[in-house]
Amino acid sequence: DQQVKQNSPSLSVQEGRISILNCDYTNSMFDYFLWYKKYPAEGPTFLISISSIKDKNEDGRFTVFLNKSAKHLSLHIVPSQPGDSAVYFCAASVAGNTPLVFGKGTRLSVIA
Amino acid sequence: DAGVTQSPTHLIKTRGQQVTLRCSPKSGHDTVSWYQQALGQGPQFIFQYYEEEERQRGNFPDRFSGHQFPNYSSELNVNALLLGDSALYLCASRARGLTYEQYFGPGTRLTVT
């Protein structure tokens, strides 16, 4: 049973436009969420996180939105750049102290 | 500031053999977790070490064991290797009590033939 789901295996976006990556979760105990970016032959790189007490968190071009009632979060990248092309993983934990539970990832391709 | 480091980068082993993977956490971090990432999947939690003890464990058999040293570095040992153990093994560290974010190393690619 997959507790964190990223239903889009891939996404293609033009440079300069907005990229929206989606993530759904089933465990209502999750209260801390993170997004990681992964290039080939590298480990995941932490991007941005959000606690369940918030519904939005911004860091430069990256914004994460959390809809607790829908058990849904999304990562917005504006504007998208070719260097953003990577696999993006959504992860969740309980109280920030339990192991991270990851989705399967979404491959983002930003086309110049 | 050195990030999380792992060794070796790549490893090829034969079924039934044993393997040891190593991890040095990011400076200032005291908690180390190990994850297995199979092809096309997200990382799956194996176990976490803090204060030299295994604190949490995922759904992995006893063939997977680990250790944490006083300098916070860690080892992952896998015995009686199976073909299905072929994966990218990731080490992640964090500063317990200060941050929830985990920082990952580059991983060790293990191939079992």
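These figures come from a predicted structure and were not determined experimentally. (Residues numbered from 1 in each chain as written. Chains lettered and ligands numbered in written order. Predicted model: local features only at pLDDT ≥ 70, side-chain atom pairs only at ≥ 80, totals over all residues. Heavy atoms only, no water.)

A. Looking closely at the interface of chain A and chain B. On the side of chain B, 19 residues touch chain A, which itself brings 20 residues to the contact. The contact between chain A and chain B buries some 1,600 Å² in all, and 57% of this surface belongs to carbon and sulfur atoms. On inspection of chain A and its partner chain B, the count reaches zero salt bridges. One can count four residue pairs in polar contact (both at pLDDT 80 or more) joining chain A with chain B. Elements with a minimum of two residues in the side of chain A that touches chain B: β4 (32-38) and β5 (45-51) of chain A. Broken down by class, the residue content of the side of chain A that touches chain B amounts to eleven nonpolar, six polar and three charged. (Contact = heavy atoms within 4.5 Å. Buried area = accessible area lost by both parts, 1.4 Å probe. Salt bridge = Lys/Arg side-chain N within 4 Å of Asp/Glu carboxyl O. Polar contact = N/O pair within 3.5 Å; in protein donor to acceptor, adjacent residues only side chain to side chain. Helix = DSSP H or I, 4+ residues; strand = E, 2+ residues; numbered from the N terminus. Nonpolar A, V, L, I, M, F, W, Y, C, P; charged D, E, K, R; others polar.)

B. Region of the structure containing the environment of B:Leu81. All names here are of chain B. Mapped onto the elements of the fold, Leu81 is located in the loop between β8 (74-78) and β9 (87-94). When the C-alpha atoms of Leu81 and Arg109 are compared, they prove to be 14 Å apart, with 28 residues separating the residues in sequence. Setting aside residues no more than four positions away along its own chain, Leu81 makes contact with Lys13, Thr14, Arg15, Gly16, Gln17, Gln18, Val19, Arg63, Leu110 and Val112.

C. Broad picture of the packing of aromatic side chains. This model, assessed by the stated rule, comprises 13 aromatic pairs over all chains. Ring centres of A:Tyr36 and A:Phe102 lie 5.8 Å apart, and the angle between their planes is 50°; on these two criteria the pair is classed as tilted. Residue A:Tyr36 is located in strand β4, and its partner A:Phe102 is located in strand β10 (residues 101-102); the two are separated by 66 residues in the primary sequence. Of the residues examined, A:Tyr36 reaches a relative accessible area of 0% and is grouped as buried. A relative accessible area of 7% means that A:Phe102 is categorised as buried. Both rings, one in B:Tyr35 and one in B:Phe45, keep their centres 5.7 Å apart while their planes meet at 65°; by these two values the pair is edge-to-face. Taken together, the positions of B:Tyr35 in strand β4 (residues 31-37) and B:Phe45 in strand β5 (residues 44-50) put the pair ten residues apart, joining distant regions of the chain. Per residue, the accessibility class of B:Tyr35 equals that of B:Phe45, and both read buried. (Phe/Tyr/Trp six-rings, centres within 6.5 Å; stacked < 30°, edge-to-face > 60°. Buried < 20%, exposed > 50% of the residue type's maximum accessible area, 1.4 Å probe, protein only.)

D. The arrangement of the state of the cysteines in detail. Taken as a whole and judged by the stated rule, the model has two disulfides over all chains. Here A:Cys23 pairs with A:Cys90 through a disulfide, and the sulfurs are 2.1 Å apart. Judged by the sign of its S-S torsion, about -70°, the bond between A:Cys23 and A:Cys90 is left-handed. You can see A:Cys23 sitting in strand β3 (residues 19-25) and its partner A:Cys90 sitting in strand β9 (residues 86-93), a full 67 residues away along the chain. Here the two residues A:Cys23 and A:Cys90 agree in accessibility, since each one is buried. A sulfur-sulfur separation of 1.8 Å characterises the disulfide bridge that pairs B:Cys23 with B:Cys91. Taking the sign of the S-S torsion, about -60° here, the bridge from B:Cys23 to B:Cys91 comes out left-handed. One end of the pair, B:Cys23, is in strand β3 (residues 19-24); the other, B:Cys91, is in strand β9, with 68 residues separating them in the sequence. One exposure class covers both B:Cys23 and B:Cys91, and it is buried. (Disulfide = S-S within 2.5 Å.)

E. Examining the sheet that holds strand β7 (residues 64-68) of chain B more closely. All names here are of chain B. Taking strand neighbours across the sheet as the criterion, the four strands line up as β1-β3-β8-β7 in an open arrangement whose pairing is antiparallel. Looking at which strands have only one partner, the edges of the open sheet turn out to be β1 (5-7) and β7. Neighbouring strand axes in the sheet, compared pairwise and without regard to direction, differ in orientation by 20° on average. When β7 meets β8, the two strands line up antiparallel, connected through five bridges. Its bridge partner being in β8, His67 is matched across the sheet by Glu75. (Pairing = 2+ DSSP bridges. Axes fitted to C-alpha atoms, helices over the stretch in contact; angles between N-to-C directions.)

F. Local environment of unusual backbone geometry. Cis peptide bonds are those with omega within 30 degrees of zero, and the linkage from A:Val78 to A:Pro79 qualifies with -15°. Inspection of the secondary structure assignment puts A:Pro79 in the loop between β8 (72-77) and β9. Cis geometry is adopted by the peptide bond preceding B:Pro8, which originates at B:Ser7 and carries an omega value of -10°. Position of B:Pro8 relative to the elements: it lies in the loop between β1 and β2 (10-13). One non-glycine residue with positive phi stands out, namely B:Glu52, at about 65°. Even without being glycine, B:Tyr72 reaches a positive phi, approximately 80°. Here B:Tyr72 lies in the loop between β7 and β8.

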